[in-house]
Amino acid sequence: MPRTSDHVVRVAPGTFSFQFRNLLYANRRNCSYICYEVERRKHRSCVSFDSGVFHNQVYAGTRCHTELRFLSWFCARKLRPDEHYRITWFMSWSPCMQCAECVADFLERYRNVTLSIFAARLYYFQHEGTRQGLLRLSDQGARVDIMSYQEFEYCWEKFVYCQRRPFKPWKKLKTNYQLLVAELEDILGNTMNLLRETLFKQQFGNQPRVPAPYYRRKTYLCYQLRQLDDLTLDRGCFRNKKQRHAEIRFIDKINSLNLNPRQSYKIICYITWSPCPNCAYELVNFITRNDHLNLQIFASRLYFHWIKPYRKGLQQLQEAGISVAVMTHTEFEDCWEQFVDNQSRPFQPWDKLEQYSASIKRRLWRILTHHAACRILGRSPLQVDVQS
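Residues numbered from 1 in each chain as written. Predicted model: local features only at pLDDT ≥ 70, side-chain atom pairs only at ≥ 80, totals over all residues. Heavy atoms only, no water.

Right, let's get into the overall build of the protein. Check the secondary structure of the protein and you find 12 helices and 12 strands. Counting all 388 residues of the protein, 49% fall into the buried class. Counting contacts in the protein only where the partners sit at least 6 residues apart, residues at least 24 apart contribute 74% of the total. Accessible surface for the protein amounts to roughly 20300 Å². Of this, 48% is attributable to carbon and sulfur atoms. (Helix = DSSP H or I, 4+ residues; strand = E, 2+ residues; numbered from the N terminus. Buried < 20%, exposed > 50% of the residue type's maximum accessible area, 1.4 Å probe, protein only. Contact = heavy atoms within 4.5 Å. Areas by Shrake-Rupley, 256 points an atom, 1.4 Å probe, with all protein chains shown as cover.)

The next subject is the packing of helix 8 (residues 246-256) against helix 9 (residues 277-289). For the pair helix 8 and helix 9, interaxial distance at closest approach is 9 Å and the crossing angle is 20 degrees. By the angle class used here, helix 8 and helix 9 are roughly parallel. The two elements helix 8 and helix 9 meet at a crossing, and its hand is left-handed. Seen from helix 8, the contacting residues are Glu-247, Ile-248, Phe-250, Ile-251, Ile-254 and Asn-255; seen from helix 9, they are Cys-279, Glu-282, Leu-283 and Phe-286. When its residues are assigned to classes, the contact of helix 8 with helix 9 shows seven nonpolar, one polar and two charged. (Axes fitted to C-alpha atoms, helices over the stretch in contact; angles between N-to-C directions. Parallel < 35°, antiparallel > 145°, perpendicular 65-115°, else oblique. Left-handed = near helix turned anticlockwise from the far one by under 90°. Nonpolar A, V, L, I, M, F, W, Y, C, P; charged D, E, K, R; others polar.)

Attention now goes to the sheet that holds strand 8 (residues 220-227). Hydrogen bonds between backbone atoms are what pair the strands of a sheet, whose relative direction is either parallel or antiparallel. In spatial order, the strands read 9-8-10-11-12; together these five strands make up an open sheet with mixed pairing. Either end of the sheet is taken by a strand with one partner, and the two such strands are strand 9 (232-239) and strand 12 (323-326). Sheet twist, expressed as the mean angle between neighbouring strand axes with direction ignored, is 15 degrees. As paired strands, strand 8 and strand 9 are joined by seven bridges and run antiparallel to one another. In the sheet register, Leu-221 faces strand 9, and the bridge partner there is Phe-238. (Pairing = 2+ DSSP bridges.)

Once that is clear, we can look at the environment of Val-47. Relative to the elements of secondary structure, Val-47 occurs in strand 2 (residues 45-55). It is 9.7 Å that separates the C-alpha atoms of Val-47 and Tyr-85, two residues lying 38 residues apart in sequence.

Here the focus is the confidence of the model for the protein. Averaged over all residues, the pLDDT of the protein is 87; the fraction at 70 or higher stands at 89%. Here residues 1-5 is modelled with pLDDT under 50, and outside its nearest four sequence neighbours on either side it reaches 14 contacts, counting other chains as well. (pLDDT = per-residue confidence, 0-100.)

Turning to the layout of surface pockets, a few remarks are in order. Approximately 700 Å³ is the volume found for the second largest pocket. By residue class, the composition of the lining of the second largest pocket is eight nonpolar, six polar and 10 charged. (1 Å grid on protein atoms, 1.4 Å probe; cavity = no way out; pocket = protein on both sides within 12 Å on 5 of 7 lines; lining within 4 Å. Points joined across faces, edges and corners; volume = space filled by probe spheres on them.)

The tendency in soluble globular proteins is for nonpolar side chains to be buried as a group. Of all hydrophobic cores here, the largest spans 35 residues; its most connected members are Tyr-36, Val-38, Phe-70, Phe-74, Ile-87, Trp-89 and Leu-137. Of all the elements, helix 6 (residues 173-188) adds the most residues to this core, at six residues. The residues contacting Ile-87, other than those within four sequence positions of it, are Glu-37, Val-38, Phe-70, Phe-74, Val-113, Thr-114, Leu-115 and Ser-116. By size, the runner-up hydrophobic cluster in this structure holds 32 residues, among which are Tyr-265, Cys-269, Leu-293 and Leu-295. (Core = buried A, V, L, I, M, F, W, Y, C linked by side-chain atoms within 4.5 Å.)

A separate point is the packing of aromatic side chains. Scanning the entire structure with this criterion turns up 40 aromatic pairs. When the centroid spacing of 5.8 Å and the interplanar angle of 45 degrees are considered together, the rings of Phe-90 and Tyr-154 count as tilted. Placement of the pair is Phe-90 in strand 5 (residues 85-91) and Tyr-154 in helix 5 (residues 149-159), with a sequence separation of 64 residues. Take Phe-90: its relative accessible area is 5%, and that puts it in the buried class. Ring geometry for Phe-200 versus Phe-347: centroids 6.4 Å apart, planes at 80 degrees, classification edge-to-face. Pair noted here: Phe-200 is in helix 7 (residues 197-204) and Phe-347 is in the loop between helix 11 (329-339) and helix 12 (353-377), with a separation of 147 residues, a long-range link. Classification of Phe-200 by relative accessible area gives buried; the value is 0%. Chaining the aromatic ring pairs together yields one cluster made of Tyr-36, Phe-49, Phe-54, Phe-70, Trp-73, Phe-74, Tyr-85, Trp-89, Phe-106 and Tyr-110. (Phe/Tyr/Trp six-rings, centres within 6.5 Å; stacked < 30°, edge-to-face > 60°.)

The subject of this paragraph is the side chain of Ser-94. Residue position: Ser-94 is located in the loop between strand 5 and helix 3 (97-109). Side-chain polar atoms of Ser-94 contact the backbone nitrogen of Tyr-123, separated by 2.9 Å. Excluding anything up to four places from it in sequence, Ser-94 contacts Glu-67, Ala-119, Arg-121, Leu-122, Tyr-123 and Leu-134. (Polar contact = N/O pair within 3.5 Å; in protein donor to acceptor, adjacent residues only side chain to side chain.)

The structure is reproduced here in structure tokens:
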């Protein structure tokens, strides 16, 4: 690892705007930049230690990645083993697999160092090796996140020769941020990183139509596993993956815990969309095989509730003893407190939350009571014309 200290304090505005533009797929951006800050804890408070900008360099025909240049520079400093150092990276690209491994090894070796990474873009996020590298970083305690408008603005003011000109966001900055956040959460999986406030309100919002700015609603499942005395044993959040829905990932997780079958447990799930027919079938099988588990499902919205197989799935859940209900203010507030990075702020309901919740509750009630009435009357549900 070459030792070098030839880094700069600031970059040109055009360089920053080009190299840090948060595109999902970026061309002609082969250079990687790190705007860094190092703080040292002194007398129970953090003081600035150093800051600047690194980028890729070529040594003897070999490209040295930015992360390795920083580590070489940092390790060459006379650091005190009895002091704590807090490093923040604002990166144009997230680390590649090899750099992620090197940084993770560094964090494992230097326990008095903490690292927060904010990436403008994700580097080859489709590749399994890159994904595993980011997971390894997270496992070693590094915070891995996506740069939002606030981080871009902060970097512009601190690391760019902006001459006091304000930061002007580029087109689709917010939209690309949301897409990259979803990709990163898909990579990190169930590491129990708290949901961001914006993501929570977008995905758990129970409005009948997606409010502007428009986005795709996906399935998120947040769960709490409790003993009957309400002691929480485990909790987490899953998102749909390709070919593997959040409900199936949740089942796999609970099965992996090897819970004591002679002890009773309660599981509460908050889910953005009610289960599809296949997931409902798998949940029924799961609970049927584990009668020591009590499962409660609170859905923000009903998924394709006007299609018969989807209604049938909800009815089968009820028949199996699984409580299916609609999220109200109480459940949204609990989800906010348990699973959202809320910065200690209280839950603020969106407009008409209770009205939308009441409408969805009536719809679910018609689906479930219609089925129960048909069973009591011994008639086929198709013989009873009930609008649902």
